[in-house]
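Spelled out from the first residue to the last, the chains are:
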Amino acid sequence: MAEPLASGPIVRGELDWPRRFDHMQQHTGQHLLSAVLADLWNYSTTSVHLGELTSTLDLDTPQLTSEQVAQAEERANQVITENRPVTIAFEDAGAATGLRKPSSRSGAIRIVSIEGLDRSACGGTHVRATGAIGALLVRKVERVRKGVRLEFLCGLRAIGRSRLEFDILSNLAADLSSSFEELPRVVANQRADVKALSASKRELEADLSRYRAQELYAAAQPDPAGIRRATVRLADGGLDELRGLALAFAGFPRAVFIGATEAPPSVLLSAAPDSGIDAGSVLKETVSNAGGRGGGSSTMAQGVLPDRAQLDHVLSVLEGTK
Ligand SMILES: [Zn+2]
């Protein structure tokens, strides 16, 4: 037992009741949930975390199925509706029996009981009967180390969370002109549509690149060595946008393609295998000389440069005008 406080300055304490009651609900709910899990499957609670927003408990079982979660949640809520008394008693640790978790203490211990279900040594704050827990909602279940971690909410927290999720689902369903029940099917259909559209977009982009490459190749004048060059420079967008075109252009005989984007200053070089140009080594050397870095294969390479001026310089070198 604690020593009585020495007399001194008077301190005024004030209980924040809504906060205290919320804590009592979460904490008693944890006793209840742990007891139900032990009762149903003999799973022990190895640790507990009561947080500001949600609470968790860890179980010594490698897995907990969603059916088990639903069953435990239902059982816990049943005990809540039964409004069983939650009582406090002091007993001698050595003589106390039937505790959910044996106590390692000696002397008098405080035992919190849920009638007919649980006896636990605990010094925390609890509601007086299970009905005051209000409701218990089990949420996320995740694997942790060798066990399972269960997230749960009690009382107004459970109601608040359900309200939030209802609002999210309502908005989502309204956006998709669907009902709640239809949402999984509607979302699955949309995902399938997006997948099909993306595939067809990729095909169309490849087709477009082939046509553009053909056009550029036809317009390019061969130099004395018979090499045809084309340069495409984008003010914005990434090099990825040019890769399809670069690939298609280098598919023509003795073709060399130079692509550039300005933000960040980057350059891409592709070369037909019969062009006699090794894109990787040419690009690496040119870009390194300009203070940048890059490289690639003999047919496709890319690099980044410190600034626009260096990009202009590198492009003029690659185009063979300097
Ligand atoms: Zn307790």
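Attention in this report is confined to the structure presented alongside it. Since the model is a prediction, treat every value here as computed from it, not as a measurement.

Here we take up the sheet that holds strand β5 (residues 118–121). Taken in spatial order, the three strands line up as β3-β4-β5 in an open sheet, and their pairing is antiparallel. Each edge of the open sheet is held by one strand with a lone partner, namely β3 (86–92) and β5. For this sheet, the mean inter-axis angle between neighbouring strands, taken without regard to orientation, is 30°. Summarising the sheet, β3 and strand β4 (residues 108–114) pair through seven bridges and their orientation is antiparallel.

Our focus in this paragraph is the layout of surface pockets. Considering only enclosed or pocket space, the largest pocket measures out at about 270 Å³ in volume. Within the residue set of the lining of the largest pocket, elements represented by two or more residues are α1 (17–41), β1 (45–50) and β5. In terms of residues, the lining of the largest pocket owes the most to one element, β1, which gives four residues. Here the lining of the largest pocket is built from residues that sort into four nonpolar, nine polar and three charged. Around the second largest pocket, the lining residues are E205, L208, S209, R212, V232, L234, E241, L242 and L245. At the level of elements, α4 (183–219), β8 (228–234) and α5 (240–249) are the ones that each hand at least two residues to the lining of the second largest pocket. Here the lining of the second largest pocket takes four residues from α4, the largest share from any one element. Of the residues that constitute the lining of the second largest pocket, the class distribution is five nonpolar, one polar and three charged.

Mapped onto the elements of the fold, R84 is located in the loop between α2 (66–81) and β3. Using a relative accessible area of 16% as the deciding quantity, one classes R84 as buried. For R84, the side chain forms a polar contact with the side chain of E82, separated by 2.8 Å. Only 2.9 Å separates the side chain of R84 from the backbone oxygen of E115, close enough to count as a polar contact.

Okay, the coordination of the zinc ion next. Around the zinc ion, the protein contributes the donor atoms H27 (NE2), H31 (NE2), C122 (SG) and H126 (NE2), at 1.9 to 2.2 Å from the metal centre. For the zinc ion, the four donor atoms in the first shell make angles of 102 to 121° at the metal, so the coordination geometry reads as tetrahedral. Every donor residue of the zinc ion comes from the same chain, spaced as H-x3-H-x90-C-x3-H. Placement of the pair is H27 in helix α1 and H126 in the loop between β5 and β6 (136–144), with a sequence separation of 99 residues. Of the two residues, H27 and H126, both sit in the buried class.

Remark: helix α6 (residues 279–289) packs on helix α7 (residues 308–318), axes separated minimally by 10 Å, with the N-to-C direction vectors making an angle of 140°. With respect to α7, the axis of α6 lies oblique. Between α6 and α7 the crossing geometry is right-handed. When α6 is examined against α7, the residues V282, T286 and V287 are found in contact with a partner set consisting of V314, V317 and L318. Considering only residue class, the contact of α6 with α7 consists of five nonpolar, one polar and no charged.

This part takes up unusual backbone geometry. Excluding glycine, residues mostly carry a negative phi; peptide bonds, for their part, are mostly trans. For the bond from A263 to P264, the omega torsion is -5°, close enough to zero to count as cis. Checked against the element boundaries, P264 lands in the loop between β9 (255–261) and β10 (266–271). The backbone of N42 sits at a positive phi, close to 65°, despite the residue not being glycine. With respect to the helices, strands and loops of the structure, N42 is situated in the loop between α1 and β1. Phi at S177 takes a positive value of approximately 45°, unusual for a residue other than glycine. Here S177 lies in the loop between α3 (155–175) and α4.

Regular strands show a simple pattern: their side chains alternate between the two faces of the sheet. The sheet contact formed by β1 and strand β2 (residues 55–59) spans five bridges and is antiparallel. Looking at β2, one finds that T45 is bridged to L59. In sequence, β1 turns back onto β2 through a hairpin of four residues.

Another point: a nonpolar patch on the surface. A cluster of nonpolar side chains, contributed by F166, L169, L172 and F180, occupies part of the molecular surface with about 320 Å² of accessible area. When you line up the elements, F180 lands in the loop between α3 and α4. On the basis of relative accessibility, which here comes to 31%, the residue F180 falls in the partly exposed class.

Scanning the entire structure with this criterion turns up six aromatic pairs. Ring geometry for W17 against F21: centres 5.7 Å apart, planes inclined by 35°, an arrangement best described as tilted. Placement of both W17 and F21 in helix α1 is noted, with a separation of four residues, approximately one turn of the helix. Ring geometry for F249 versus F257: centroids 5.8 Å apart, planes at 50°, classification tilted. Here F249 matches F257 in class, with each residue buried. Here the aromatic cluster, defined as three or more aromatic residues joined through ring pairs, consists of Y217, F249, F252 and F257.

Parameters and conventions
- Residues numbered from 1 in each chain as written.
- Predicted model: local features only at pLDDT ≥ 70, side-chain atom pairs only at ≥ 80, totals over all residues.
- Heavy atoms only, no water.
- Pairing = 2+ DSSP bridges.
- Helix = DSSP H or I, 4+ residues; strand = E, 2+ residues; numbered from the N terminus.
- Axes fitted to C-alpha atoms, helices over the stretch in contact; angles between N-to-C directions.
- 1 Å grid on protein atoms, 1.4 Å probe; cavity = no way out; pocket = protein on both sides within 12 Å on 5 of 7 lines; lining within 4 Å.
- Points joined across faces, edges and corners; volume = space filled by probe spheres on them.
- Nonpolar A, V, L, I, M, F, W, Y, C, P; charged D, E, K, R; others polar.
- Buried < 20%, exposed > 50% of the residue type's maximum accessible area, 1.4 Å probe, protein only.
- Polar contact = N/O pair within 3.5 Å; in protein donor to acceptor, adjacent residues only side chain to side chain.
- Donors = N, O, S within 2.8 Å, 3.2 Å for Na, K, Ca; no water.
- Tetrahedral: all angles 85-135°; square planar, octahedral: opposite > 155°, others 65-115°.
- Parallel < 35°, antiparallel > 145°, perpendicular 65-115°, else oblique.
- Left-handed = near helix turned anticlockwise from the far one by under 90°.
- Contact = heavy atoms within 4.5 Å.
- Patch = residues over 30% accessible without salt bridge, like charges linked within 9 Å, V, L, I, M, F, W, Y side chains within 5 Å.
- Areas by Shrake-Rupley, 256 points an atom, 1.4 Å probe, with all protein chains shown as cover.
- Salt bridge = Lys/Arg side-chain N within 4 Å of Asp/Glu carboxyl O.
- Phe/Tyr/Trp six-rings, centres within 6.5 Å; stacked < 30°, edge-to-face > 60°.

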